[in-house]
Amino acid sequence: MSSTTSPTPPATSKPAKRKRSRTFQFVLTLIFLASVALFAIPLMKQMSGPSMTKQQIRALQSKDGPPQWAGFDFGGSDMSDMDLTGANLKGADLSDCNLSGAKLAAADLRGADLSDANLTGADLRNADLTGANLEGVIAVGIVATGADFTRVEASEADFLMANLRGCNFTEGVFEKAGFDRADLSHANFAKANLRYAHLYMADMTSASLKGADTWFMKHTEPPVSAPAYVPAGKQPSPF
């Protein structure tokens, strides 16, 4: 009686299987780490943020000369009433900062991000803001005579009652910006975008709008002499 021999299955290389398994695990690990970097890191940045106190910022200041903080990230920090005269803040992130009452005269703010910052009452005389982002900034009552705002992005910025005499706004974007009661005398708005901007009772004496886009811009001249305020009930009698 002849015995039937079963065919022997081909030998499988165990090292090859392990190699493929390790490669697969490595790929899965890479995908997992990429997912963490994509979602977790931005979340951590949002939670921590670069916001700094005035004490922390003052600790960065050198006793010799104006601050040299080009490119620094101060986003959301409190810098109110700080003396930053002549500071080098070129390309710095100052978005959402409280800069109310800050002294920024002659400061270098070229290319800086000041979006949504509070500059109420700040001193920006002769500051250089060329190419800066001022979108949504609150600049009520600032003094910025002689400042350079060339090519700034300042849509929806509020310059209520600001002293902007002699400023250069060439090629700036000021869509829906407010300049109510501002002093814009001798200012240069050549080739600027002033669409939907409102300049109620703004002083535009000798200001230049050459080549500016003033589509739907609203401007009313300030009164020659505003009547004195008389409290209610104390108006002079007509008799």
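What counts, and at which threshold
Residues numbered from 1 in each chain as written. Predicted model: local features only at pLDDT ≥ 70, side-chain atom pairs only at ≥ 80, totals over all residues. Heavy atoms only, no water. pLDDT = per-residue confidence, 0-100. Helix = DSSP H or I, 4+ residues; strand = E, 2+ residues; numbered from the N terminus. Contact = heavy atoms within 4.5 Å. Salt bridge = Lys/Arg side-chain N within 4 Å of Asp/Glu carboxyl O. Buried < 20%, exposed > 50% of the residue type's maximum accessible area, 1.4 Å probe, protein only. Phe/Tyr/Trp six-rings, centres within 6.5 Å; stacked < 30°, edge-to-face > 60°.

Turning next to the confidence of the model for the protein chain. The share of residues in the protein chain with pLDDT of 70 or more is 74%, and the mean pLDDT across the chain is 85. Ranking the helices and strands of the protein chain by mean pLDDT puts strand β1 (residues 198-200) first, with 98, and helix α1 (residues 14-48) last, with 55. Across residues 39-49, confidence stays below pLDDT 50; counting only partners more than four residues off in sequence or on other chains, it has 3 contacts. Here residues 226-239 scores under 50 on pLDDT; set against residues more than four positions off or in separate chains, the count is 1 contact.

Turning to the pattern of salt bridges, a few remarks are in order. Pairing of side chains with opposite charge becomes possible as their charged atoms draw close. Throughout the structure, instances matching the rule amount to 3 salt bridges. In this structure, Asp123 and Arg125 form a salt bridge, with 2.8 Å as the shortest nitrogen-oxygen distance. Accessibility expressed as a relative area gives 16% for Asp123, which makes it buried. Look at Arg125 and you get partly exposed, because its relative accessible area is 41%.

What follows concerns the packing of aromatic side chains. Counted according to the given criterion, the structure contains 14 aromatic pairs. Judged by centre distance (6.4 Å) and plane angle (90°), the ring pair of Phe149 and Phe159 falls under edge-to-face. Within this pair, whereas Phe149 is found in the loop between α2 (54-58) and β1, its partner Phe159 is found in the loop between α2 and β1, the two being separated by 10 residues in sequence. When sorted by exposure, Phe149 lands in the same class as Phe159, which is buried. Each ring, one from Phe174 and one from Phe189, has its centre 5.9 Å from the other, and the planes form 80°; the classification is edge-to-face.

Turning next to the side chain of Thr170. Position of Thr170 among the secondary structure elements: in the loop between α2 and β1. Judged by relative accessible area, Thr170 falls into the buried class, the value being 16%. Once you skip the residues sitting within four places of it in the chain, Thr170 turns out to touch Phe149, Thr150, Arg151, Asn188 and Ala190.

This part is about the environment of Leu184. Take Leu184: it is sitting in the loop between α2 and β1. Put simply, Leu184 and Leu164 are 20 residues apart on the chain and 5.2 Å apart in space, counted from C-alpha to C-alpha. Residues contacting Leu184, with those up to four places away along its chain left out, are Leu164, Phe169, Phe179, Phe189, Leu199, Ala202, Asp203, Met204 and Ala207.

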